[in-house]
Amino acid sequence: MLLSRQVDIEVNNRLQTHSVATTISTNPALSDSMFAIPDSIAARAQRSDPTPPPVVVTLVELAPNVWRAEGGSHHSLIVDQGARLVVVEAPLSAMRMEAMLDTLRSRFPTKPVGLVINTHHHWDHSGGLRAVLAAGVPVVTHARNLSFVRSIATARKTVRPDVLSRRLGPARSPLPAISAVEDSLVIGRGDGQVIAYRLPTAHAEGMLAIYVPSAKILFQSDVVNATPNPPAAGSAELVRFVKARGITVDRVAGGHGVVVPWADVERAATP
Ligand SMILES: [Zn+2]
């Protein structure tokens, strides 16, 4: 990486700051005293409530065997494959994911979650993967994100240590499988079939879209954040993808927003 030796910042031709780098060190050890909160500030700070608000997850049926697990800003897709459930997306945090797994356990007591598919690496769509892996559930992701997801599984976790934290000690037990989608991956058959496809998009490299053929539902995150008027650029990307894959889509469900009819996406994609 190259760094400028001198940086001058002017606003309306008036010099605001002038800095010259004389030495540069990377990641130096920082003394704890730098992070100490002065007593005068600590005395005035409001105490926060240490109890986090409960996470609410609501299951909305989209079609026979297909639900969207909605919870505020981020959603997941649930597909019933008969003996097990497939979940698409583990958003936000361990707490959110644990609430979702609890919800599914109580609603479908005989059907364990057999697989979780991750759409892309952004933190708000992958923050629940650690909890998924700690629950012993295999994960499928885009090949580009394979080592990233492995690093989530093997990272040290000292705040709220989980099963995987203990696993990293001497008694190592095998991790759940973490597998990659190279081009596409067909999971299951019949009404519960789910197909994960690579989705080329400007939003992020390493993106998957998930298609449920029986319901003609396409799940994606962040390409079309479905409002009643989907964005033109993301809609055009989805239309190109659907044509290239030769699939028929009736509705687009996603990690955010409402479920939109495919016709609305096609309209938004038309300049
Ligand atoms: Zn994203």
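The coordinates are above.
Reading guide: rules and limits
- Residues numbered from 1 in each chain as written.
- Predicted model: local features only at pLDDT ≥ 70, side-chain atom pairs only at ≥ 80, totals over all residues.
- Heavy atoms only, no water.
- Donors = N, O, S within 2.8 Å, 3.2 Å for Na, K, Ca; no water.
- Tetrahedral: all angles 85-135°; square planar, octahedral: opposite > 155°, others 65-115°.
- Helix = DSSP H or I, 4+ residues; strand = E, 2+ residues; numbered from the N terminus.
- Buried < 20%, exposed > 50% of the residue type's maximum accessible area, 1.4 Å probe, protein only.
- Core = buried A, V, L, I, M, F, W, Y, C linked by side-chain atoms within 4.5 Å.
- Contact = heavy atoms within 4.5 Å.
- Pairing = 2+ DSSP bridges.
- Patch = residues over 30% accessible without salt bridge, like charges linked within 9 Å, V, L, I, M, F, W, Y side chains within 5 Å.
- Areas by Shrake-Rupley, 256 points an atom, 1.4 Å probe, with all protein chains shown as cover.
- Salt bridge = Lys/Arg side-chain N within 4 Å of Asp/Glu carboxyl O.
- Axes fitted to C-alpha atoms, helices over the stretch in contact; angles between N-to-C directions.

A. Looking closely at the coordination of the zinc ion. Every protein donor of the zinc ion is accounted for by H120 (NE2), H122 (ND1), H203 (NE2) and D222 (OD), and the metal-donor separations fall at 2.1 to 2.2 Å. Seen from the zinc ion, its four donor atoms lie at angles of 91 to 163°, and the figure they make is irregular. Taken in chain order, the donor set of the zinc ion reads H-x1-H-x80-H-x18-D. Here H203 is found in the loop between β11 (194-198) and β12 (208-212), whereas its partner D222 is found in the loop between β13 (217-220) and α7 (232-245), with 19 residues between them in sequence. According to the relative accessible area criterion, H203 is partly exposed, its value standing at 31%.

B. Quick peek at the nonpolar core. In terms of nonpolar packing, the biggest core is built from 29 residues, with I78 and L104 touching the most fellow members. Breaking this core down by element, the ones donating at least two residues are β4 (66-71), β6 (85-88), α2 (94-107), β7 (113-117), α4 (129-134) and α5 (146-154). Here the element with the most residues in this core is α2; it accounts for six residues. With sequence-adjacent residues up to four places away left out, I78 is seen in contact with L59, N65, V66, W67, A69, L85, V86, V87, M100 and L104. With 21 residues, the next largest nonpolar core counts V140, I210, A215 and A253 among its residues.

C. Up close: the sheet that holds strand β14 (residues 251-254). In spatial order, the strands read β10-β11-β12-β13-β14-β15; together these six strands make up an open sheet with mixed pairing. Each edge of the open sheet carries a strand with a single partner, namely β10 (184-187) and β15 (260-261). One ladder, built from three bridges, connects β12 with β13; its direction is antiparallel. If you follow V212 over to β13, its bridge partner there is I217.

D. Just a nonpolar patch on the surface, in detail. A grouping of M1, L3 and I24 is seen on the molecular surface, where their side chains present a nonpolar patch of about 420 Å² in accessible area. For M1, the position within the fold is in the segment before β1 (6-11).

E. Structural context of the sheet that holds strand β8 (residues 139-142). What the seven strands build is an open sheet, ordered β3-β4-β5-β6-β7-β8-β9; its pairing is mixed. Bordering the open sheet on either side are β3 (58-63) and β9 (178-181), each of which pairs with just one other strand. The sheet shows a mean angle of 25° between the axes of neighbouring strands, direction not considered. For β3 and β4, the ladder comprises five bridges, and the chain directions are antiparallel. Counterpart to V60 in the pairing with β4 is R68. Against the sheet, α5 contacts β8 and β9, and its axis sits at roughly 165° relative to β9.

F. Summary view of the pairing of β6. In β6, alternate side chains face the same way, and those of L85 and V87 on one face and V86 and V88 on the other are all buried. Sheet topology places strand β5 (residues 74-80) next to β6; four bridges connect them, and they run antiparallel. The residue bridging L77 from the neighbouring strand is V88, located in β6. In this structure, the hairpin formed by β5 and β6 is closed by a connection of four residues, where G82 is found at a positive phi of approximately 100°. Note that β6 and β7 share four bridges and pair parallel. Its bridge partner being in β7, L85 is matched across the sheet by V113.

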